[in-house]
Amino acid sequence: MNSATSFSGSLEARTIIDPDVLDNPYPFFERLRQEHPVWLVPGLDLAFVASHEHVLDALRRIDDFSSHLDVLVITGEDGSPALFRTDNFGEGTTTLATADPPEHTKHRSVVFPELVARRMEEMRPYIESIVADHISNARAEGTQVEWANTVAHPIPARVVGHLIGLPDEDWPDVMRWALGGGLVLAGIYDLETMAALLAGIGDATPYLIEKLDEAGNDPGSYLVGVCAKAVASGDLKMREATATLGVLLGAGGESTASLIGNATRMLAENPKLQDQIRADHNLIEPYIEEVLRLESPFRGHYRQVKRECELGGVTLKAGTTAMLLWASANRDAAEYDRPDEVVLNRRIPRSHLAFGRGIHHCVGASLARMEGASATKLLLQETSFFSLVDDDPPQWESSMFVRRNEHLPLDISWN
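All values reported here derive from a predicted model rather than from experimental measurement. (Residues numbered from 1 in each chain as written. Predicted model: local features only at pLDDT ≥ 70, side-chain atom pairs only at ≥ 80, totals over all residues. Heavy atoms only, no water.)

Inspection of the entire model under this criterion finds one cavity of 30 Å³ or more. Considered as a void within the structure, the largest cavity measures approximately 80 Å³ in volume. As for the largest cavity, its lining consists of I16, V21, L22, P25, F28, F29, F48, R299, M323, L325 and M400. When residues of the lining of the largest cavity are traced back to their parent elements, those giving at least two are α1 (19–23) and α2 (26–35). Class assignment of the residues belonging to the lining of the largest cavity gives a composition of ten nonpolar, no polar and one charged. (1 Å grid on protein atoms, 1.4 Å probe; cavity = no way out; pocket = protein on both sides within 12 Å on 5 of 7 lines; lining within 4 Å. Points joined across faces, edges and corners; volume = space filled by probe spheres on them. Helix = DSSP H or I, 4+ residues; strand = E, 2+ residues; numbered from the N terminus. Nonpolar A, V, L, I, M, F, W, Y, C, P; charged D, E, K, R; others polar.)

As summarised here, the arrangement of the five strands in space is β1-β2-β10-β7-β3, forming an open sheet in which the pairing is mixed. The open sheet terminates on both sides in strands that have one partner only, identified here as β1 (38–40) and β3 (65–66). Strand direction decides the pairing type here: β3 and strand β7 (residues 301–305), joined by two bridges, are antiparallel. If you follow F65 over to β7, its bridge partner there is V305. Along the sheet face, helix α3 (residues 52–60) touches β1, β2 (46–49), β3, β7 and β10 (321–324) and points at about 125° away from the line of β10. (Pairing = 2+ DSSP bridges. Contact = heavy atoms within 4.5 Å. Axes fitted to C-alpha atoms, helices over the stretch in contact; angles between N-to-C directions.)

Attention now moves to the environment of P25. Take P25: it is sitting in the loop between α1 and α2. Judged by its relative accessible area of 2%, P25 falls in the buried class. Sequence spacing of P25 and L292 is 267 residues, and the spatial spacing of their C-alpha atoms is 15 Å. Beyond its immediate sequence surroundings of up to four residues, P25 is in contact with R299 and R403. (Buried < 20%, exposed > 50% of the residue type's maximum accessible area, 1.4 Å probe, protein only.)

Phi angles above zero are rare outside glycine, and R338 is one such case at about 45°. Tracing the sequence through the fold places R338 in the loop between α15 (326–329) and α16 (365–382). Classification of R338 by relative accessible area gives partly exposed; the value is 41%.

Moving on, we come to the nonpolar core. In this structure, W147, I277 and Y287 are the most contacted members of the largest nonpolar core, which totals 77 residues. With eleven residues, helix α12 (residues 238–269) is the single largest residue contributor to this core. Non-local contacts of Y287, meaning those with residues more than four positions away in its chain, are made with N262, A263, M266, L267, L273, I277, V342, L344 and T376. (Core = buried A, V, L, I, M, F, W, Y, C linked by side-chain atoms within 4.5 Å.)

Take the sheet that holds strand β14 (residues 409–414) next. One open sheet holds the three strands; their spatial order is β6-β14-β11, and the pairing between them is antiparallel. What marks the edges here is a single partner per strand, and that holds for β6 (144–146) and β11 (383–388). Put simply, the sheet's adjacent strands are angled 30° from each other on average, direction ignored. Across five bridges, β11 lies against β14 in antiparallel orientation. Residue pairing for β14: S387 is matched across the bridge by D411. Where α16 meets the sheet, it contacts β11 and β14, and its direction lies at approximately 110° from that of β11.

Computed from the structure, the second largest pocket encloses a volume of approximately 480 Å³. Along its surface, the second largest pocket is lined by 19 residues, and R124, E285, M370, A373 and S374 are the ones closest to its centre. Mapped onto the lining of the second largest pocket, the elements with two or more residues apiece are α4 (103–122), α5 (124–141), α14 (284–294) and α16. Per-element tally for the lining of the second largest pocket: the top contributor is α16, with eight residues. Grouping the amino acids of the lining of the second largest pocket by side-chain chemistry returns seven nonpolar, four polar and eight charged.

With that out of the way, let us pick up the packing of aromatic side chains. By the definition in use, this model includes eight aromatic pairs. Pairing F7 with F28 gives two aromatic rings, centres 5.6 Å apart and planes at 65°, and the pair type is edge-to-face. Of this pair, F7 sits in the segment before α1 while F28 sits in helix α2, placing them 21 residues apart in sequence. Of the residues examined, F28 reaches a relative accessible area of 1% and is grouped as buried. Ring geometry for F298 against F401: centres 5.3 Å apart, planes inclined by 45°, an arrangement best described as tilted. With F298 in the loop between α14 and β7 and F401 in the loop between β12 (395–396) and β13 (405–407), this pair connects stretches of sequence that are 103 residues apart. The class for F298 is buried, based on a relative accessible area of 12%. On the basis of relative accessibility, which here comes to 6%, the residue F401 falls in the buried class. Clustering of aromatic rings is evident, with ring pairs tying together F7, Y26, F28, F29, W39 and F48. (Phe/Tyr/Trp six-rings, centres within 6.5 Å; stacked < 30°, edge-to-face > 60°.)

This paragraph deals with the side chain of T264. Within the secondary structure layout, T264 lies in helix α12. A relative accessible area of 3% means that T264 is categorised as buried. Looking at T264, its side chain comes within polar contact range of the side chain of W147, at 3.1 Å. The residues touching T264, leaving out its near neighbours within four places in the chain, are W147, L379, F386 and L410. (Polar contact = N/O pair within 3.5 Å; in protein donor to acceptor, adjacent residues only side chain to side chain.)

Here it is, written out as structure tokens:
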């Protein structure tokens, strides 16, 4: 696991996209918490909010901080970070994670009852069967397995596709759309590359419109049918429905791919912990919470400052983009004892911010936990030991937004 030790580099705009910081951001985050818990990035209308206290403060103040995704970090021609307005890509749709009340309330009310009240537990047998399929595929690879693309990435694509009501055979496209959307938020690409990334996932929208049209004739019990009914009743516009499903694809695919991969990698790095949890599966649930805290799937989310205000003694002018750093807040020693360690008996294991907090708490958090726990449990049951590959280390997705292994080779001793 990456522990926060020390960051002695200069605090400048280029730091936020420095490859070493992207691979291991935790020493940088620790420096910010100690010296600049609300840090104005030099030369940019951008603030990083690093401490648990100030992240929570910003979350509570919805009149000061909007969830609209108006601005992205890109890399300019000189290699330095710059800010880019998303409306330059055309008219967007604010939905769920990027919406404010009352729109957020309307969008969430369409999907939240379906996600939480009924579908979660009903999906457990399906999730377990999908996990078994992909771990069987991993076993077929032999004693050395590329875990990310064999197990961690496909499982959530199939599960979220099933939840929405998409054909299972379409899961490779679902995975491409889910993971591709996060690349636009990486902060390391120039405009030309970002345009190409968007073009590469542009077929998601017409695909979802087609599925919504089909569901309009026969809604069924899946989320695509729920959204189709909302369009028919006038509760959602078609573009809001497609955007809602698109957000669920991206959030459900990206966050859970990160969770399954990180849960596996952290056990591969720590044989003692691996043996402990293999011997007592009651520890899997608290372990999953520690994985979420220590390796938050999304390092942070953007907020837009709606009016001049103060946060942590720092004045933020209207129009500033603030990045609320879940990954930093979740390792804040002011909030957590032994913040850089796996502690399986924390008093309130779900107190972390990996799924946000308040009105924007992730609607699919229960689903992600179920997938992560199921994959971890079956891996431990099917193996006697697994470790990283000495001459082929894991590789991180290069991003200031997501925290996911794009390459995760394992040496596995199967039972």
